[in-house]
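# Report on the structure
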Amino acid sequence: MSVQHVLVINCGSSSLKFAVIDASSGDELLSGLAERLHNDDATLKYKFVGNKEQNALPAGADHKIAIDTLVTLIHQYDLAKDLIAVGHRVVHGGEQFTGSQVITPDVLDVITQTAQLAPLHNPANLTGIQAAQAAFPELVQVAVFDTAFHQSMPKHAFLYALPYSLYKEHGVRRYGFHGTSHHYVSTQAVETLGLAADNHRLITAHLGNGCSVCAIKNGASVDTSMGLTPLEGVVMGTRSGDIDPGLFDYLTSQLGYSVAEVNTMLNQQSGLLGISELSNDCRTIEEAYVEGHEQATLALDIFCYRLAKQIAAYLVPLKGLDALVFTGGIGENSDIIRAKVLAHLSFLGCQIDEQRNLAARFGKSGVITSETSLITTMVVPTNEEWMICQDAARLAKGA
Ligand code: AMP
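Because the structure is a prediction, the values reported are computed rather than measured.

Helix and strand content of the protein: 16 helices and 14 strands. The globule rule puts the C-alpha radius of gyration for 399 residues at 21 Å, and the 21 Å found for the protein is close to it. Judged by the C-alpha coordinates and their principal axes, the protein covers about 55 × 55 × 45 Å. When the 399 residues of the protein are sorted by exposure, 50% land in the buried category. Look at the contacts in the protein between residues 6 or more apart in sequence, and 61% of them connect residues 24 or more apart. Accessible surface computed for the protein: about 18,100 Å², of which carbon and sulfur atoms make up 52%. Positive and negative side-chain charges in the protein, numbering 26 and 41 respectively, have mean positions lying 4 Å apart.

This paragraph deals with the packing of aromatic side chains. Each aromatic ring pair is characterised by the separation of its centres together with the angle its planes make. Scanning the model with the defined rule gives five aromatic pairs in all. Plain terms: the ring middles of Phe158 and Tyr167 are 5.7 Å apart, the flat faces sit at 55° to each other, and that makes the pair tilted. Cluster of aromatic residues (ring-pair linked, three or more members): Tyr46, Phe48 and Tyr77. The ring of Phe158 is capped by Arg173, whose NZ or CZ atom sits 3.6 Å from the centre of that ring. Above the face of the Tyr175 ring, Arg173 is positioned so that its terminal group lies 4.7 Å from the ring centre.

A few words on the site of the ligand. As a structural note, the neighbourhood of the ligand is formed by 13 residues, with Asn209, Asp281, Cys282, Gly329 and Asn333 the closest of them. Within the side chain of Asp281, an N or O atom sits 2.4 Å from an oxygen atom of the ligand. The backbone of Arg283 places a nitrogen or oxygen atom 3.3 Å from an oxygen atom of the ligand. Taken together, the elements giving at least two residues each to the shell around the ligand come down to helix H10 (282–290) and helix H13 (328–333). Examining the composition of the shell around the ligand, we find that four residues originate from one element, H13, more than from any other. Among the residues forming the shell around the ligand, the class breakdown is three nonpolar, seven polar and three charged.

Ordered by their spatial adjacency, six strands build an open sheet running S11-S10-S9-S12-S14-S13, and the pairing between neighbours is mixed. Of all strands in the sheet, those bounded by a partner on one side alone are strand S11 (220–224) and strand S13 (366–367). In this structure, S13 lies alongside strand S14 (residues 376–379), joined through two bridges in antiparallel fashion. Note that in S14 the partner of Val367 across the bridge is Met378. Contacts between helix H6 (residues 179–193) and the sheet are confined to strand S9 (201–207), strand S10 (211–217), S11, strand S12 (323–327), S13 and S14, with S9 contributing the most and set at about 130° to the helix.

The next thing to look at is the sheet that holds strand S3 (residues 28–35). On the basis of which strands lie adjacent, the open sheet formed by eight strands has the order S5-S4-S3-S2-S1-S6-S8-S7 and mixed pairing. This sheet does not close on itself; its edge strands, each paired only once, are strand S5 (54–55) and strand S7 (101–102). Across two bridges, the pairing between S7 and strand S8 (residues 140–145) is antiparallel. Each residue of the ladder has a partner; that of Val102, found in S8, is Val142. Here helix H3 (residues 122–135) sits on the sheet and contacts strand S1 (5–11), strand S6 (83–90) and S8; the angle it forms with S6, its principal contact strand, is near 165°. Across the sheet, helix H16 (residues 384–396) lies against S1, strand S2 (16–22), S3, S6, S7 and S8, angled at about 125° from S6, the strand it touches most.

Mapped onto the present numbering, the UniProt feature "site: Transition state stabilizer" (unreviewed entry) falls at His178 and Arg239. Following the sequence through the fold, His178 ends up in the loop between helix H5 (164–170) and H6. Ignoring any residue separated from it by four or fewer positions in sequence, one finds His178 in contact with Asp146, His150, His206, Gly210, Cys211, Ser212 and Met226. Arg239 gets classed as buried once you look at its relative accessible area, which sits at 18%. For Arg239, the contacting residues outside a window of four places in its chain are Gly210, Met226, Pro230, Leu231, Leu266, Asn267, Ser270 and Gly271. There is a polar contact of 2.8 Å between the side chain of Arg239 and the backbone oxygen of Pro230.

With six of seven residues buried, S10 lies mostly within the body of the structure. Strand direction decides the pairing type here: S9 and S10, joined by seven bridges, are antiparallel. Paired with His206 across the bridge in S10 is Ser212. Here S9 folds back onto S10, and the loop between the two strands holds three residues. As judged from the four bridges shared by S10 and S11, these two strands associate in the antiparallel manner. Along S11, the bridge assignment pairs Cys214 with Thr224.

Cut-offs and rules
- Sequence order as written defines the numbering, with residues in each chain counted from 1.
- Only residues with pLDDT of at least 70 are given local features in this predicted model, and only at 80 or more are side-chain atom pairs given and counted; all residues enter the totals for whole chains, interfaces and linings.
- Excluding hydrogens and water, the side-chain values take into account all heavy atoms of the structure.
- Runs of H or I in DSSP of at least four residues are treated as helices and runs of E of at least two as strands, each being numbered from the N terminus.
- Radius of gyration means the value over C-alpha atoms here, while the globule rule gives 2.2 Å times the residue count to the 0.38 power.
- Burial here depends on accessible area, computed with a 1.4 Å probe over protein chains only, as a share of the maximum for the residue type. Under 20% is buried, over 50% is exposed, and the range in between is partly exposed.
- What makes two residues a contact is simply this: any of their non-hydrogen atoms within 4.5 Å.
- Here the Shrake-Rupley method, with its probe set to 1.4 Å, supplies the accessible areas, and only the displayed protein chains count as covering residues.
- Charged residues are defined narrowly, with Lys and Arg counted positive, Asp and Glu counted negative, and His plus the chain ends left uncounted.
- One atom stands in for each charge, and that atom is NZ of Lys, CZ of Arg, CG of Asp or CD of Glu.
- Aromatic contacts are taken between Phe, Tyr and Trp rings whose centres are within 6.5 Å, Trp giving its six-membered ring; a plane angle under 30 degrees counts as stacked, one over 60 as edge-to-face, and the others as tilted.
- Throughout this description, the term charge over a ring refers to an Arg CZ or Lys NZ atom that lies within 6 Å of the ring centre and within 35 degrees of the ring normal.
- Throughout, the term near means that a residue has one or more heavy atoms lying within 4 Å of the molecule or strand in question.
- Polar contact criterion, stated in full: a pair of N or O atoms within 3.5 Å, where within protein one must be able to donate a hydrogen and the other to accept it, and residues adjacent in sequence count only if both atoms are side-chain atoms.
- The classification used treats Ala, Val, Leu, Ile, Met, Phe, Trp, Tyr, Cys and Pro as nonpolar, Asp, Glu, Lys and Arg as charged, and all other residues, Gly among them, as polar.
- Should DSSP find at least two bridges between two strands, the strands are taken to pair.
- As a rule, the C-alpha atoms of each element are fitted with a line to give its axis, helices using only the stretch in contact, and angles between N-to-C directions run from 0 to 180 degrees.
- UniProt positions are given in the numbering used here, feature names are shortened, and annotations may be inferred rather than shown by experiment.

Structure below.
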């Protein structure tokens, strides 16, 4: 069989993550990340298999320059000839897409319309798609949506208790995000733990800069903590998660904040950063916590308490639990947060194994609870790029 590679592109509002992946083995040949695009200190770091990480990007580079640089790298390392598809992460697919799609003009139209619901994300995703179409016009382009996995949620889980017309006329409902990650780690957990594909109940906690929890029954998402936007749910790095909607009126009518200021506050100045007044980066918070920093300790306490409450809530739709799974930069690395969350769940018979908890870090997966724990908890490093690669390769082959 000939070599088949997929270019995976994840275009964020100020970043571009990319990888050229072998669709049969999952090996990454070229991978990289451009950050702080549109700023003077924009960077692009990349690694070609077997080589050291390198930097390339002029100061002030934007998405277009970053993608041009990526295309140059692909030609420089002679990777274009084996590409069969480009897979794009697209954050919001609305209700239209329950799975990945070959990008046609109609699909592009829907992604453009859905940008109303994800103004920070979908326009950046569209930039990536258009640049990749221009650079590789002969390749199949595939969109893999963060929302698609959650389209299996029942109506009682995805509707807000708002006037029904808002849903019918404007699509106001809970959509959920991080679907590709929840899907990937749940399938890995089912396989590792030897659970039946058509008979399992899992809770997955994706804890990165954004954080969400998902209840999964027999391979399908039945509830998730993010909603219409990625702001709802548990506490995150800079996002508040759930708040009293009455706060909005108080801040605007009584304290004089503008709508834009409230939006910025809830999305960029809250969460771990807002409480600690130190950082949104979990590593910095943990270092300060170890040194006894009061607000860093409070930030971790609130983060873990809210997360444990969300996990416990999902015992309702699942009516039991076969395993709890941690993933994302925090979930994969923070033994401190995992231990604190599981301590809240000890009344359910959840028992952490400290050695296992320390062992499952820095890219290593594994069970972190004891043999006698009533809730099996494991760490599974996420790999959204691999999911996107597989879907793009499958659709490119017409399967
Ligand atoms: P992600 O968005 O998945 O890349 O995750 C980013 C988050 O993971 C940031 O809050 C990081 O501080 C956190 N993180 C990464 N490595 C560690 C670590 N070793 N310990 C604690 N948190 C970490």
